[in-house]
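# Topology and contacts: notes
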Amino acid sequence: MPAYKRILLKLSGEALMGDDAFGINRATIVRMVEEIAEVTRLGVQVAIVIGGGNIFRGVAGGSVGMDRATADYMGMLATVMNSLALADTMDKAGLVARVMSAIAIEQVVEPYVRPKALQYLEEGKVVVFAAGTGNPFFTTDTAAALRGAEIGAEIVLKATKVDGVYSADPNKDPTATRYASITFDEAMSKNLQVMDATAFALCRDQKLPVKVFSIFKPGALRDVVMGKDEGTLVHV
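Figured I'd write up the structure that's included with this text. Note on numbering: residues in each chain are counted from 1, in written sequence order. Note on the predicted model: pLDDT of at least 70 is required for a residue's local features to be given, and 80 or more for side-chain atom pairs to be given and counted; whole-chain, interface and lining totals, by contrast, use all residues. To get the side-chain values, all heavy atoms of the structure are used, and hydrogens and water are removed first.

## Regarding the sheet that holds strand β1 (residues 6-11)
- Pairing is mixed across the open sheet formed by nine strands, whose spatial order is β4-β3-β5-β2-β1-β6-β8-β9-β7. Strand pairing shows two members of the sheet lacking a second neighbour, β4 (110-111) and β7 (181-183), which therefore form its edges.
- When DSSP locates at least two bridges between a pair of strands, those strands are taken to pair. Here a helix means four or more residues in a row that DSSP labels H or I, a strand means two or more in a row labelled E, and each is numbered from the N terminus. With six bridges joining them, β1 and strand β2 (residues 45-50) adopt parallel strand pairing. Paired with I7 across the strands is V46, a residue of β2.
- Most of the contacts of helix α1 (residues 26-40) go to β2, to which it runs at about 150 degrees, and overall it touches β1, β2 and β5 (126-130).
- In what follows, a contact means two residues having at least one pair of non-hydrogen atoms within 4.5 Å. Only the contacting stretch of a helix is used when fitting its axis, a line to C-alpha atoms as for every element, and angles between N-to-C directions run 0 to 180 degrees. Here helix α3 (residues 68-92) sits on the sheet and contacts β1, β2, β3 (97-101) and β5; the angle it forms with β5, its principal contact strand, is near 165 degrees.

Next up, the structure:
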């Protein structure tokens, strides 16, 4: 039996690059969708927020000196591109996906409307939330916390390159140890960079737990959903 009925999965745009310098690696996105499909077959309702770093990285040099709000809007459009790619790959894998954007581009994707999103989830469709919160100065981590709270997700699953939260950077410190679980307050006092401060505070205030795990570890997403000891649980 899955441990959760409804989850919010936060994917970084960089996760889609695979070993490429930027853009979307086909094999990587197909493998990710297979992991997501496995979870939906368990009867879990899945909503996704994806970043745009893999696309924005390709134009980041040109954004130097650019107005922050303008750069953020470019980043939001990058997340829409990733969301479309993700939804298309899901459709080909037999999943029904719906992309909902926080900024209005109705010829491309439908606007985010909370009751509609909830309806899609109840119908077993995967909902991909694009364009972050729709506002500059907010990260896609914050969008994940916000949408997770709005849709009544039981947990935010933050998929990263590492298999949890460590006492130090495991790539630099061989003595770094992984926490199985840690409270929001402990993570803040130890200055562990789990999410940005706004997203973190929102999850803590809404008593919305966060699980940090590696999306590159085969079967990890399923193990998390089944409640196994995988990654790090951040809780109140």
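## As for the pattern of salt bridges
- Here, a salt bridge means any side-chain nitrogen of Lys or Arg that lies within 4 Å of a carboxyl oxygen of Asp or Glu. One pass over the structure, following the stated rule, counts 13 salt bridges.
- Of the charged contacts, one joins K217 and E230 as a salt bridge, the two residues approaching to 3.1 Å between their closest N and O atoms. One end of the pair, K217, is in the loop between β8 (210-214) and α8 (220-225); the other, E230, is in the loop between α8 and β9 (232-235), and 13 residues separate them in sequence.
- Of the residues examined, E230 reaches a relative accessible area of 6% and is grouped as buried.
- Through salt bridges that share partners, K10, D141 and K158 make up one connected network. Relative accessibility thresholds used throughout: buried, under 20% of the residue-type maximum; exposed, over 50%; partly exposed, between the two (1.4 Å probe, protein chains only).

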